[in-house]
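Here is how the chains run, residue by residue.
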Amino acid sequence: MSTPTTTTPGAAEVELAIGGMTCASCAARIEKKLNRMDGVEATVNYATEKARVVYRGDDVSVQDLIATVEATGYTAHEPAPPATETREDAEDAEGAEGEPDELRPLRQRLITAVVLSVPVIAMAMVPAFQIDYWQWLSLTLAAPVVTYAGWPFHRAAWTNARHGAATMDTLISVGTSAAFLWSLWALFFGTAGTPGMTHPFEFTIARSDGAGNIYLEAAAGVTAFILAGRYFEARSKRKAGAALRALMELGAKDVTVLRDGRETLIPVAELRVGDRFVVRPGEKIATDGTVVDGSSAVDASMLTGESVPVEVGVGDPVTGATLNAGGRLVVEATRVGADTQLARMAKLVEDAQNGKAAAQRLADRISAVFVPVVIALALATLGFWLGNGSGLTAAFTAAVAVLIIACPCALGLATPTALMVGTGRGAQLGILIKGPEVLETTREVDTIVLDKTGTVTTGRMTLLAVHTAESVDEAEALRLAGALEHASEHPIARAVAAGAEAKVGTLPVPEDFANLAGLGVQGIVEGHAVLVGREKLLREWEIHLPADLARAREEAEAAGRTAIAVAWDGEARAVLEVADAVKDTSREAVERLRALGLTPILLTGDNKAVAQAVAAEVGIDQVIAEVMPEDKVDVVKRLQAEGRRVAMVGDGVNDAAALAQADLGLAMGTGTDAAIEAGDLTLVRGDLRAAADAIRLSRRTLATIKGNLFWAFAYNVAALPLAAAGLLNPMIAGAAMAFSSVFVVGNSLRLRGFKAA
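Calculation criteria
Residues numbered from 1 in each chain as written. Predicted model: local features only at pLDDT ≥ 70, side-chain atom pairs only at ≥ 80, totals over all residues. Heavy atoms only, no water. Buried < 20%, exposed > 50% of the residue type's maximum accessible area, 1.4 Å probe, protein only. Helix = DSSP H or I, 4+ residues; strand = E, 2+ residues; numbered from the N terminus. Arc of directions from axis to C-beta. Pairing = 2+ DSSP bridges. Axes fitted to C-alpha atoms, helices over the stretch in contact; angles between N-to-C directions. Parallel < 35°, antiparallel > 145°, perpendicular 65-115°, else oblique. Contact = heavy atoms within 4.5 Å. Nonpolar A, V, L, I, M, F, W, Y, C, P; charged D, E, K, R; others polar. UniProt positions renumbered as here; feature names shortened; annotations may be inferred.

Moving on to helix H2 (residues 62-71). When we look at burial in H2, the residues that qualify are Val62, Leu65, Ile66, Thr68 and Val69. Axial view of H2: buried residues confined to an arc of 160 degrees, hence all on one face. Exposed positions of H2 whose direction lies more than 90 degrees from the buried face are Gln63 and Ala71. Positive phi appears at Gly73, one or two residues downstream of H2, with a value of about 105 degrees.

The next thing to look at is the sheet that holds strand E11 (residues 310-312). On the basis of which strands lie adjacent, the open sheet formed by three strands has the order E11-E10-E13 and antiparallel pairing. Sheet topology places E11 and strand E13 (323-324) at the edges, where each strand pairs with a single neighbour. Two strands pair when backbone bridges link them, and strand E10 (residues 296-299) and E13 are joined in this way by two bridges, in the antiparallel orientation. Counterpart to Asp299 in the pairing with E13 is Leu323.

Right, let's talk about the packing of helix H5 (residues 134-149) against helix H6 (residues 151-162) for a bit. Across the interface, H5 lies against H6 with an axial gap of 5 Å and an inter-helix angle of 45 degrees. Taken together, the axes of H5 and H6 are oblique relative to one another. The segment H5 lies against H6, with Val146, Thr147, Tyr148 and Ala149 engaging Trp151, Pro152 and His154. Looking at the contact of H5 with H6, its residues break down into five nonpolar, two polar and no charged.

The residues that UniProt annotates with the feature "transmembrane region" (unreviewed entry) are residues 110-127, 133-151, 171-194, 214-232, 366-386, 392-415, 708-725 and 731-749. When the span residues 133-151 is considered, its composition is 89% helix and 0% strand, and the gap between its end C-alpha atoms is 27 Å. For residues 708-725, the helix share is 94%, the strand share is 0%, and the end-to-end C-alpha distance is 27 Å.

Attention shifts here to helix H22 (residues 608-618). Taken together, the buried positions of H22 are Val610, Ala611, Val614, Ala615 and Val618. Taken around the axis of H22, the buried residues stretch over an arc of 130 degrees, which confines them to a single face. On its buried face, H22 sits against helix H16 (452-456), strand E17 (457-468), strand E22 (571-582), helix H21 (586-595), strand E23 (599-603) and strand E24 (622-624). Immediately downstream of H22, the backbone of Gly619 shows phi near 90 degrees, a positive value.

This part is about the sheet that holds strand E18 (residues 511-516). Ordered in space as E17-E22-E21-E20-E19-E18, the six strands form an open sheet in which the pairing is antiparallel. A strand with exactly one partner marks an edge of an open sheet, and here the two such strands are E17 and E18. Between one strand and the next, the sheet's axes are offset by a mean angle of 20 degrees, whatever the strand orientation.

Quick look at the structure:
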């Protein structure tokens, strides 16, 4: 929001966009500083890079809040409302290959680091490459990596140091700087710069003065590895606002208004309450309003989850961004701009995203303790050897060795490699994992809320059954009804026509076709006078359903299906059942989710009869039906208030806010952009079984990351006593680093063997 909004008497609320955060502890530090101000309550979300602040306007101004954030070492400003950002704005913010402006410098640093560090690492690890003056070539290549490419880490470390904090950035900066600076000293003032120098293959533990040792491969390699992790993390974080953009883009851009009896095309932003506008078949309704002329079927499934198009006429309310699937409508606008249901849904998504607790990075948690301990140990080592009468060079060698062996090479690989392999394997199985912060919640979820339309069901109307009167051929009933429905644009009519074509082939062309709004269709097919529609249409022609067809209609409606009566030549001949069909794999998927310890709940905007029938078919016991988008968010919040960790699976715009609110959001890749962007995991195939696979894979990936982090630190900790004792020669240091890195990569590669159940 760009201006503060009053929340309670004497208080105001403002949202600030925060820049410069590199880890979850940065968010915690900003939050702590803001909450120290009188009359201020703040929450800072690292994932969305926003701070929501409630403050007393009499005591504190927005500029005071911004100044506090800036004094902490970060940037802050008031973001523009999401509705003001258009697709063109988003495209303008991207350069070649769709690269966002804010990511381009990071990408350039990453490319520089990778290109230059590969030969440095190769020369250090392969003796055959250690030609005369190889060490000086390594210095030439490594210098830009450590200084230019690694600058974000050094800057963040300095910011942290000024505020008495230590994070992963501190460890990276101190470790790479120590390795690089010691290498400089050894090259210029020690013996490492001697032509023909090589790193000997000595596995003996012996004291060294360090004058012939360089660690440029460690400095360059760590910088490149961790830059890669930061770059891909930044790409995923940028999508935090994409759900809002996707929601706002659902609405119509232009609208045809009636002014002085004439039709005028204007931008939707200029529409005012009370304006009357025209909505033609196939167009989106521009804003919330009331129908004042015409009748039609409106497809509101994207917003409400209602699978059957809603018939509307004069006096009925309609919602902006829904699709007019039938006739011409004239609508009077009742709500515009931020008051519309679509805008309120966008606000719900934003609130849910900001309210979700920021995931604490495991590496940062450990680094908060590990970094100060390592630095203290290095200083203690220096002091001990100086006090013990050893030379200054030997003392510094031991102290710097402590910092170098603690340099997080394997730690930098721990999360990116497991995530890369896990997400790569997930993509092969139709599962997209948005980032490492997603994984932490998959282990804890115990309840899974399933949207019905498009998730458990196909999301489109399908002809499911045909009931015919005695002596009536089913194929003939389908051919005559399908021919007539083929001429209609109504979604239910299209389902009948498609089903008929699939069973009987090419359909005849009707004559004297007429669409009767709210009732059905009539016409002449192959010489027969045919009626297809509601039972009320047949009664108007004094035609009544025989007992068996009447019973079939009642049973169909009791099961939540739409029953369509078919009559020709003055007699009722058939009843067709149309509904949103359950996917073939949904029942198996529900069983797999139960096997993972999850309790499934069916949540839908559809009516209760339909929801109960679907739930019974797939084996779900708990059903919550006839809910609006706001209610879906409330249901998730209520479950969370009961102490449950909630996963949500959905595909529609109406699910976006609930997906964002849930502890874990799983979006069907066959759904809308808003749902996909609001979710944490995307199921590309649209198969609900992939939800169970996604949770299993995420849990396995998280376990791998934790194992990697443990062993990465274990190797470092095990070698620290040797470094402090001054007994760590270059071969052991290099072997420890290499082995820990190889172990981490190998452990991560085991994820390639993950198989779908």
